[in-house]
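Fold and contact review
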Amino acid sequence: MDASLESLCAAAETAPLLRNGQHPRGRPPGARPLQGQVAPRQRLQRSQPMHILAVRRLHQGDQQLRTSSLPAIPNPFPELCGPGSPPALTPGSVPPGPAAAKQDVKVFSEDGTSKVVEILADTTARDLCQLLVYRSHCVDDNSWTLVEHHPHLGLERCLEDHELVVQVESTMASESQFLFRKNYAKYEFFKNPTNFFPEQMVTWCQQSNGSQTQLLQEPRHLQLLADLEDSRIFSLVAGRKQYGAPTDYGFCIKPNRVRNEAKELRLLCAEDEQSRTCWMTAFRLLKYGMLLYQNYRIPQQRKAMLSPFSTPVRSVSENSLVAMDFSGQTGRVIENPAEAQSAALEEGHAWRKRSTRMNILGSQSPLHPSTLSTVIHRTQHWFHGRISREESHRIIKQQGLVDGLFLLRDSQSNPKAFVLTLCHHQKIKNFQILPCEDDGQTFFSLDDGNTKFSDLIQLVDFYQLNKGVLPCRLKHHCIRVAL
């Protein structure tokens, strides 16, 4: 082993390679010499360090021998092979990829507050609404919408969920603005078509046997009014005052190129709110078609994916009553109205006894029931304070004329009373809530004292589960969120 190592080192040091890679004596560099030709050298000790520079030169020569035997092929990229040459792609030589374009959008709420949001160019109206819901700490019930409002023209419309916000803003004037608002009726025509279309239209559609029905043909006739490819349908905010409309239920077709001129608007007018909703829904179906149904199904599909297992809920009929347990337990269904009334009163008395507050020293002290009942409802979203009847009707119309949409407000005629404004069958009705006395305590009632509640929160909770004297149960409350 020592003899072979000595011969390898001697051959590497004494036999240099030529330029063509050949050995000068015709012997390859790694060939083993004969034993008689080995020059006497001092034997290496195993514990001594060994000089391996010659061995590295041997490997370099062997590599050069291998490459020289190949035919000469010109290198098409010589600048990439030189060790001293700089790299062909320097950090600044490659242009950066196009960054996603961002734009600031200002959104207003119903109370006049606003918020500037930075969005991408492909942000849809649904995406922006979900972002505002998250930042405002609201409940995402898929009923929030973005409203395109033109105050100088007296027009507004709800953006469809798939529309791009930046694209819509490019067609708006400087005075126009986006509003963040509830709209429970956005897809209500998919749930209850008879509330939005005449009964005969729905009947014709259901009785069709594969042939094209009048319901499907009628929206196509709307193309004679305007080309909806470059136009949008708006509702008139003040049609009588601004345009001299014969009724308050006006709508118009606005081309996208129109910003401040009202002469190119195609104004239309309906006899009542149901007719206007029917016409505007037909225009939406004609313009967007299946996209509307897809927008309606997306939230339901997401909800099904997030909650694959749900607890079964017992359905309550309109004729049955539910007695609320105000201690936080589950309500129980009671078919007897008298029994439900007494149970609600008992729970109200028990709830008043549990109502305590902490004083400045940290100990519990009783809160007077009359003081509590007059202020506790003002913290609820469904209470809108001192607004007029006209303002309450306007809020109901803006947030969708669906069954069960309601709000509570102070009465203008009776300072101690309140008013429940409720929507049923696209008609707005008002019910006065009067105070009544029983055993020195103040209660509130909708039915002349037959069903009494210690405060308005108990009243609203009760009628959300029970129809009572109302035409329908309370389902959706009007809300205004400060951005």
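This text follows the structure it describes.
The structure presented is a predicted model; accordingly, all values stated were derived computationally and were not measured.

1. Things to note about the sheet that holds strand E14 (residues 418-424)
The mixed open sheet is built from six strands, whose spatial order is E17-E16-E15-E14-E13-E18. In this open sheet, the two edge strands, each paired with only one partner strand, are strand E17 (452-453) and strand E18 (476-477). Sheet topology places strand E13 (residues 405-410) next to E18; two bridges connect them, and they run parallel. Note that in E18 the partner of leucine 405 across the bridge is histidine 476.

2. Focus: the sheet that holds strand E4 (residues 155-158)
Strand order in this open sheet of eight strands is E2-E1-E5-E3-E4-E6-E7-E8, and the pairing throughout is mixed. The sheet is open, and its two borders are formed by strand E2 (114-120) and strand E8 (266-269), each paired with just one other strand. Neighbour-to-neighbour, the strand axes of the sheet open up by a mean angle of 35°, direction not taken into account. Relative to E4, strand E3 (residues 144-150) runs antiparallel, the two sharing four bridges. Bridge assignment links glutamate 148 to a residue of E4, and that residue is arginine 157.

3. Examining the environment of arginine 181
In this structure, arginine 181 sits in strand E5 (residues 177-182). Classification of arginine 181 as buried rests on a relative accessible area of 4%. Separated by 71 residues in sequence, arginine 181 and glutamate 110 place their C-alpha atoms 7.0 Å apart. Among all residues touching arginine 181, those that are not within four sequence positions of it are Glu110, Ser143, Trp144, Thr145, Val147, Glu156, Gln398 and Gln399. At 3.2 Å, the side chain of arginine 181 forms a polar contact with the side chain of glutamate 156.

Scoring rules and cut-offs
- Residues numbered from 1 in each chain as written.
- Predicted model: local features only at pLDDT ≥ 70, side-chain atom pairs only at ≥ 80, totals over all residues.
- Heavy atoms only, no water.
- Pairing = 2+ DSSP bridges.
- Helix = DSSP H or I, 4+ residues; strand = E, 2+ residues; numbered from the N terminus.
- Axes fitted to C-alpha atoms, helices over the stretch in contact; angles between N-to-C directions.
- Buried < 20%, exposed > 50% of the residue type's maximum accessible area, 1.4 Å probe, protein only.
- Contact = heavy atoms within 4.5 Å.
- Polar contact = N/O pair within 3.5 Å; in protein donor to acceptor, adjacent residues only side chain to side chain.

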